Amino acid sequence: MNSTLTAEPLSWRPARSLWRTSLTRLVHGNLIGLVGAAMVAMLVTVAALAPLIATHDQYTLNARERLVSPGDAHWFGTDDLGRDVFSRVVYGARISLYVGFISVSVGIIAGTLIGLSSAYFRGATDFWLQRLVDALFAFPTIILALAIVAVLGPSIQNVIIAVGITSMPRIARVVRSSALSVMSQPYMEAAKAMGCSDLRMMAQHVLPNCMAPIIILATAGFGGAILAEASLSFLGVGTPPPNPSWGAMLSGAAQRYIQIAPWLAVFPGLAITLAVFGFNLFGDALRDVLDPRLRGR
């Protein structure tokens with residue numbers, strides 16, 4: 001009876017204490033993390049309030065205002081079709097966050113399931129799942145994403161699938177490593193001796209104690225997903241026009257008119273840089289406060 005009272009809380013107590021301590025350290029002692037969080041919050045705010053922030057419609061064409069330089073009427077100038085660049089950059093934040101959130105969620109869910117299953121069941125399950133991970137690791141990320149989009153066709157949904165699949169192997173490998181460490185803890189043996197089912201042990205004991213690296217990978221993966229979407233759109237196989245994707249804005253007109261209209265490349269490129277930089281800063285800060293090996297630094 002005593003083992004029933006003590007075995008289950010042991011798996012949750014370290015996770016709760018870790019999150020309280022880590023949140024306190026992130027808020028009070030990590031300036032870089034706060035800067036990254038502020039940049040991420042600004043990006044989310046811009047995407048959420050895009051209709052209020054944008055000064056023009058992102059799709060409206062105006063042949064009389066082609067390639068107008070930045071000024072009071074058009075803060076970031078206009079493109080070769082007379083569309084307001086500022087408004088398209090603002091609405092592009094929505095596409096980047098949408099693709100980033102959904103694709104990272106797909107990669108996290110699939111990678112976590114593979115990693116947990118490999119670590120818990122081991123044997124043949126671990127062998128074949130890890131061979132699948134190794135096969136995906138054999139392809140460069142951008143090449144694999146290009147191949148997937150080329151087969152499925154250019155669309156936002158297919159970009160999400162491609163980015164999610166390419167992010168899955170790394171997540172699966174990290175989750176497997178963390179789960180193997182958790183499996184060696186005494187409370188896992190106690191829970192197994194009490195007759196807990198496999199599903200309950202993975203959901204209530206293994207997964208909560210693997211959340212720290214999962215959260216870190218998810219946060220850092222946002223930047224990579226945004227960059228991957230921009231790269232695919234730049235190559236012409238990502239978000240289809242006339243959607244205001246940052247990567248698509250860097251190709252086409254931005255390349256043809258770079259000498260006479262440099263703002264076509266500067267502002268979308270700056271938006272990509274700030275978004276990826278903000279998520280990377282925030283991800284590094286989370287790693288510093290959640291990774292036990294880095295807490296003393």
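To keep things clear, this report deals only with the structure shown in the data block. Here the residue numbering is sequential within each chain, running from 1 through the sequence in written order. For this predicted model, a pLDDT threshold of at least 70 governs which residues receive local features, and a threshold of 80 or more governs which side-chain atom pairs are given and counted, while totals over whole chains, interfaces and linings are taken from all residues. Heavy atoms throughout the structure, all of them, feed into the side-chain values; hydrogens and water do not.

1. Thoughts on helix α5 (residues 123-137)
Two residues of an α-helix separated by three or four positions point the same way, owing to the 3.6 residues in each turn. Helical segments are the DSSP runs of H or I of at least four residues, strand segments are the runs of E of at least two, and each set is numbered from the N terminus. Here the expected length of a helix is defined as 1.5 Å per residue gap, with one fewer gap than residues. Over its 15 residues, α5 runs 21 Å from end to end, which matches the ideal 21 Å to within 8%, given 1.5 Å per residue. The buried label applies to any residue whose accessible area, calculated with a 1.4 Å probe on protein chains only, is under 20% of its type's maximum; exposed applies above 50%, and partly exposed to all values in between. Within the sequence span of α5, burial applies to Asp 126, Gln 130, Val 133 and Leu 136. For α5, the arc enclosing every buried residue in end-on projection is 110 degrees, short of the 170-degree limit, so these residues lie on one face. Every exposed residue of α5 that faces more than 90 degrees away from the buried side is listed here: Ala 124 and Trp 128. Only heavy atoms enter the contact rule, under which two residues are in contact if any of them lie within 4.5 Å. On the buried face of α5, the contacting elements are α4 (85-121), α6 (141-152) and α7 (156-183). To be clear, the arc concerns the directions from the helix axis to the C-beta atoms.

2. A closer look at the nonpolar core
Soluble globular proteins tend to pack their nonpolar side chains together in the buried interior. Counting 40 residues, the largest nonpolar core has Met 188 and Val 206 as the members making the most contacts within it. Those elements giving two or more residues to this core turn out to be α4, α5, α6, α7, α8 (186-193), α9 (198-206) and α10 (211-234). With twelve residues, α7 is the single largest residue contributor to this core. Among all residues touching Met 188, those that are not within four sequence positions of it are Val 182, Met 183, Met 201, His 205 and Val 206. Ranked by size, the runner-up nonpolar core spans 24 residues in total, among them Leu 43, Ala 254, Ala 271 and Ala 275. Nine residue types can take part in a nonpolar core, namely buried Ala, Val, Leu, Ile, Met, Phe, Trp, Tyr and Cys, and a core is a set of them joined through side-chain atoms within 4.5 Å.

3. Re the packing of α8 against α9
Put simply, α8 and α9 touch, their axes get as near as 11 Å, and they point 150 degrees apart. Between α8 and α9, the interaxial angle falls into the category roughly antiparallel. Remark: the crossing between α8 and α9 carries right-handed chirality. Along its contact with α8, which presents Tyr 187, Met 188, Ala 191 and Lys 192, the element α9 presents Met 201, His 205 and Val 206. Residues are grouped as follows: nonpolar covers Ala, Val, Leu, Ile, Met, Phe, Trp, Tyr, Cys and Pro; charged covers Asp, Glu, Lys and Arg; every other residue, Gly included, is treated as polar. In terms of residue class, the contact of α8 with α9 is built from five nonpolar, one polar and one charged. Geometry is summarised by axes, namely lines fitted to C-alpha atoms with helices restricted to the contacting stretch, and by angles between N-to-C directions that run from 0 to 180 degrees. Orientation is classified from the angle alone, with under 35 degrees giving roughly parallel, over 145 giving roughly antiparallel, 65 to 115 giving roughly perpendicular, and any other angle giving oblique. If you view the pair so one helix is near and one far, a crossing is left-handed when the near helix is turned anticlockwise from the far one by less than a right angle, and right-handed when it is turned clockwise.

4. Observations regarding the pattern of salt bridges
We count a salt bridge whenever a side-chain nitrogen from Lys or Arg sits within 4 Å of a carboxyl oxygen from Asp or Glu. Evaluation of the coordinates by the stated rule reveals five salt bridges. Two residues, Arg 83 and Asp 79, come together in a salt bridge whose shortest N-O distance is 2.9 Å. Pair check on accessibility: Arg 83 and Asp 79 agree, each one buried. The partner of Asp 134 in a salt bridge is Arg 131, and the shortest N-O contact between them spans 2.7 Å. Residue Asp 134 and its partner Arg 131 are located together in helix α5, separated by three residues, close to a single helical turn. Overall, Arg 131 belongs to the partly exposed group, its relative accessible area being 35%. Connected through shared salt-bridge partners, Arg 131, Asp 134 and Arg 173 make up one network.

5. Concerning the side chain of Asp 80
Along the chain, the position of Asp 80 falls in the loop between α3 (50-53) and α4. A polar contact of 3.3 Å, which involves the side chain of Asp 80, links it to the side chain of Arg 256. Here a polar contact is recorded for every N or O atom pair within 3.5 Å, except that within protein the pair must consist of a potential hydrogen donor and a potential acceptor, and residues adjacent in sequence are included only if both atoms are side-chain atoms.

6. Section: the layout of surface pockets
Cavity and pocket criteria rest on a 1 Å grid covering protein atoms alone: a 1.4 Å probe that fits but cannot get out defines a cavity, protein on both sides within 12 Å along at least 5 of 7 lines defines an open pocket, and an atom within 4 Å of a point defines a lining residue. Grid points are joined across faces, edges and corners, and a volume is the space filled by probe spheres set on the points. If you add up the space inside the second largest pocket, you get close to 470 Å³. Along its surface, the second largest pocket is lined by 23 residues, and Thr 141, Val 163, Thr 166, Ser 167 and Arg 170 are the ones closest to its centre. The biggest single contributor to the lining of the second largest pocket is α10, with eight residues. Of the residues contributing to the lining of the second largest pocket, the split by class is 15 nonpolar, seven polar and one charged.

7. A closer look at the environment of Met 202
Topologically, Met 202 is positioned in helix α9. A C-alpha to C-alpha distance of 9.9 Å links Met 202 and Ala 119, two positions 83 residues apart in sequence.

8. Topic: the environment of Ile 216
Relative to the helices and strands, Ile 216 resides in helix α10. Residues Ile 216 and Leu 286, spaced 70 residues apart in sequence, show a C-alpha to C-alpha distance of 6.0 Å.

9. Section: the packing of α5 against α7
Where α5 contacts α7, the axes come no closer than 9 Å and their chain directions differ by 140 degrees. In terms of orientation, α5 lies oblique with respect to α7. The interaxial crossing formed by α5 with α7 has left-handed handedness. Between α5 and α7, the residues in contact are Asp 126, Gln 130, Val 133, Asp 134, Leu 136 and Phe 137 and Met 168, Pro 169, Arg 170, Ala 172, Arg 173 and Arg 176, respectively. Its residues placed into classes, the contact of α5 with α7 shows six nonpolar, one polar and five charged.

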